[in-house]
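# Observations on chain architecture
Residue strings, one per chain:
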Protein chains: 2
Amino acid sequence: MKIKTLHDLYVDKLRNLYSAETQLVKALPKMAKNASSGPLRSAFEEHLEQTRNHAERLEQIFDKLDARAKGKKCYAIQGLVEEGEELIDVEPEAPVLDAGLICTAQKAEHYEIATYGTVCTWARQLGLNDHLELLQQTLREEKATDEKLTRLAEAGINQEAISPA
Amino acid sequence: MKIKTLHDLYVDKLRNLYSAETQLVKALPKMAKNASSGPLRSAFEEHLEQTRNHAERLEQIFDKLDARAKGKKCYAIQGLVEEGEELIDVEPEAPVLDAGLICTAQKAEHYEIATYGTVCTWARQLGLNDHLELLQQTLREEKATDEKLTRLAEAGINQEAISPA
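Here we summarise the structure given alongside this text. (Residues numbered from 1 in each chain as written. Chains lettered and ligands numbered in written order. Predicted model: local features only at pLDDT ≥ 70, side-chain atom pairs only at ≥ 80, totals over all residues. Heavy atoms only, no water.)

Quick look at the overall build of chain A now. Across its full length, chain A carries 5 helices and 0 strands. If you list the helices and strands of chain A from N to C, you get α-α-α-α-α. Whereas a compact globule of 165 residues would reach a radius of gyration of roughly 15 Å, chain A reaches 17 Å, a difference of no more than 12%. In terms of principal-axis extent, the alpha carbons of chain A reach across some 55 × 25 × 20 Å. Burial analysis of chain A (165 residues in total) assigns 56% to the buried set. Put simply, of all contacts in chain A between residues at least 6 apart along the chain, 78% involve residues at least 24 apart. For chain A, the computed accessible surface area is about 7,100 Å², with 46% contributed by carbon and sulfur atoms. (Helix = DSSP H or I, 4+ residues; strand = E, 2+ residues; numbered from the N terminus. Rg over C-alpha atoms; globule rule 2.2 N^0.38 Å. Buried < 20%, exposed > 50% of the residue type's maximum accessible area, 1.4 Å probe, protein only. Contact = heavy atoms within 4.5 Å. Areas by Shrake-Rupley, 256 points an atom, 1.4 Å probe, with all protein chains shown as cover.)

So, on to the interface of chain B and chain A. Between chain B and chain A, the residue contacts involve 42 residues of the former and 42 residues of the latter. Interface of chain B and chain A: buried area, both sides summed, is about 3,400 Å²; carbon and sulfur atoms make up 62% of it. Counting the contacts that link chain B with chain A gives 4 salt bridges. Only helix 1 (6–34), helix 3 (75–89), helix 4 (94–125) and helix 5 (129–162) of chain B provide two or more residues apiece to the side of chain B that touches chain A. (Buried area = accessible area lost by both parts, 1.4 Å probe. Salt bridge = Lys/Arg side-chain N within 4 Å of Asp/Glu carboxyl O.)

Turning our eyes to something else, we now look at the relation of the copies chain B and chain A. In this structure, two copies of a chain are linked by a rotation about an axis accompanied by a shift along it. With an axial shift of 0.0 Å and an RMSD of 0.0 Å, the rotation relating chain B to chain A amounts to 180 degrees. Seen this way, the second copy is the image of the first under a two-fold rotation axis. When C-alpha distances to the rotation axis are compared across chain B, the minimum falls at Ala76 of chain B, with a value of 1.9 Å. When you check the interface residues of chain B against chain A, 100% turn up at the interface there too, and the contact is symmetric in its surfaces. (Least-squares fit on C-alpha atoms with pLDDT ≥ 70 in both.)

Okay, the packing of aromatic side chains next. Residue and element names in this part refer to chain A. Evaluated as defined, the whole model comprises 2 aromatic pairs over all chains. Between Tyr18 and Phe62, the aromatic rings sit 5.7 Å apart at their centres with planes inclined by 85 degrees, giving edge-to-face as the arrangement. Of this pair, Tyr18 sits in helix 1 (residues 6–34) while Phe62 sits in helix 2 (residues 38–64), placing them 44 residues apart in sequence. When its relative accessible area of 1% is taken as the criterion, Phe62 is described as buried. (Phe/Tyr/Trp six-rings, centres within 6.5 Å; stacked < 30°, edge-to-face > 60°.)

Written out as structure tokens, the structure is:
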């Protein structure tokens, strides 16, 4: 794809985000399954539902753009998904695994916060206000998930991980 | 490496960060060279100096831990570096490239903000206050760089990228 204008770059980054969201839809069930804290498992399950909505919102935007809903492989999220899987494979004690899964999930959230933040700014500058509304909804949910994960880590998971049983 | 406790996970994530910082030390000169806005080029050059310091601070921490300063490949940052290089290779107009480089750099900053945020929390909970001080200095600099990049984008680079000459 040629990238000549900010609009082209905007579409390019939306495709990156679409790849990120669809990769996360596949990865979150495994993260939920391996979380031993009930509230953490629920948080991942709830975020899976949100992530499906985020992908659908991007599809709506591609539709508005008359563009095909097509991802452009997001290697950063692929790396994070692999990092999470590697940790699961070394079979740490339950609270250590939970703390590690939270760390990986927060990296993914921040990746998305940075990217949605940028595409929101671009959508505003390009006068695409109907896109902006959809992207801002997602951005708010990503930030709320990040904050919820911090609360879960600090409410006990990290403490248990210091000297796991 | 076996990961049995939060302390093991902490060292594991420090190795990830060390890999991230050393990859960025290699990538930032190319980003600076390809930035056409003077203030953006300066921001990348200044951040290169900071990034070298961040790597050195991690070396100090490995020293305190009597551990070898050794990275554990950070695939997320590798993906972001490739994303930046791909954009440079398609040769967009100067302000579009600048806007895209800012986007990629902010994703890297957010990756680091999430990870340093987590290791700061863990260092505090593990009672490693001398590490915490070093990690917090870096975290502050990553956040300041992210904010500076937002200001540069919004001060004119994005606007120029809408209809580049």
